[in-house]
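# An overview of the molecular structure
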Amino acid sequence: MNNEFSCQEMTEVVTDYLDDALEPDESQRFERHLTYCAGCSTYLDQMRATISHTGMVPREESLPPALRERIVAQFRIFRRG
Ligand SMILES: [Zn+2]
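This report concerns the structure included in the present document. (Residues numbered from 1 in each chain as written. Predicted model: local features only at pLDDT ≥ 70, side-chain atom pairs only at ≥ 80, totals over all residues. Heavy atoms only, no water.)

## Focus: the overall build of the protein chain
Along the backbone of the protein chain there are 4 helices and 0 strands. When its helices and strands are written in sequence order, the protein chain yields α-α-α-α. When burial is assessed residue by residue, the protein chain has 35% of its 81 residues classed as buried. In the protein chain, once contacts between residues fewer than 6 apart in sequence are set aside, the share between residues at least 24 apart is 62%. (Helix = DSSP H or I, 4+ residues; strand = E, 2+ residues; numbered from the N terminus. Buried < 20%, exposed > 50% of the residue type's maximum accessible area, 1.4 Å probe, protein only. Contact = heavy atoms within 4.5 Å.)

## A few points about the environment of Met-10
Within the fold, Met-10 resides in helix α1 (residues 7-18). Using a relative accessible area of 1% as the deciding quantity, one classes Met-10 as buried. Sequence separation between Met-10 and Phe-30 is 20 residues; the distance between their C-alpha atoms is 6.9 Å. For Met-10, the contacting residues outside a window of four places in its chain are Phe-5, Phe-30, His-33, Leu-34 and Cys-40.

## Points about the packing of aromatic side chains
This structure, assessed with the given rule, holds 1 aromatic pair. Between the aromatic rings of Tyr-17 and Phe-30, the centroid separation amounts to 4.1 Å while the plane-to-plane angle is 15°, which identifies the pairing as stacked. Linking Tyr-17 in helix α1 with Phe-30 in helix α2 (residues 24-36), this pair joins segments that are 13 residues apart in sequence. Judged by its relative accessible area of 15%, Tyr-17 falls in the buried class. Take Phe-30: its relative accessible area is 1%, and that puts it in the buried class. Sitting over the ring of Phe-5, Arg-29 keeps its end group 4.3 Å from the ring centre. (Phe/Tyr/Trp six-rings, centres within 6.5 Å; stacked < 30°, edge-to-face > 60°. Lys NZ or Arg CZ within 6 Å of the ring centre and 35° of its normal.)

## Overview of the coordination of the zinc ion
Distances from the zinc ion to its protein donors, namely Cys-7 (SG), His-33 (NE2), Cys-37 (SG) and Cys-40 (SG), fall within the range 2.0 to 2.3 Å. Linear spacing of the donor residues for the zinc ion on their chain is C-x25-H-x3-C-x2-C. Here Cys-37 matches Cys-40 in class, with each residue buried. (Donors = N, O, S within 2.8 Å, 3.2 Å for Na, K, Ca; no water.)

## Some remarks on α2
Along its 13 residues, α2 runs 19 Å from first to last C-alpha, staying within 8% of the 18 Å computed at 1.5 Å per residue. Burial in α2 covers these residues: Ser-27, Arg-29, Phe-30, His-33 and Leu-34. End-on, the buried residues of α2 take up no more than an arc of 160°, which puts them together on one face. Counted as exposed and oriented over 90 degrees from the buried face of α2: Pro-24, Gln-28, Thr-35 and Tyr-36. Next to the buried residues of α2 lie α1 and α3 (38-54). (Expected span 1.5 Å × (residues − 1). Arc of directions from axis to C-beta.)

So this is what it looks like as structure tokens:
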């Protein structure tokens, strides 16, 4: 019954979400997670900003290291609460 995305899963599907490639129910779970998780909301904003810079959806492994570090740091801050 508990089929919420975890933060880890969010980072895995975020590019699909931005590609509009998620199933409707997955997309709903994604958006539900965003409503209570500031870390993932920020992550999504960063991804959107990256896309507007590069004009494409970045694969996780192709993120610039500096950006990835910033995102990871933000996750740590939000986890600490
Ligand atoms: Zn999250």
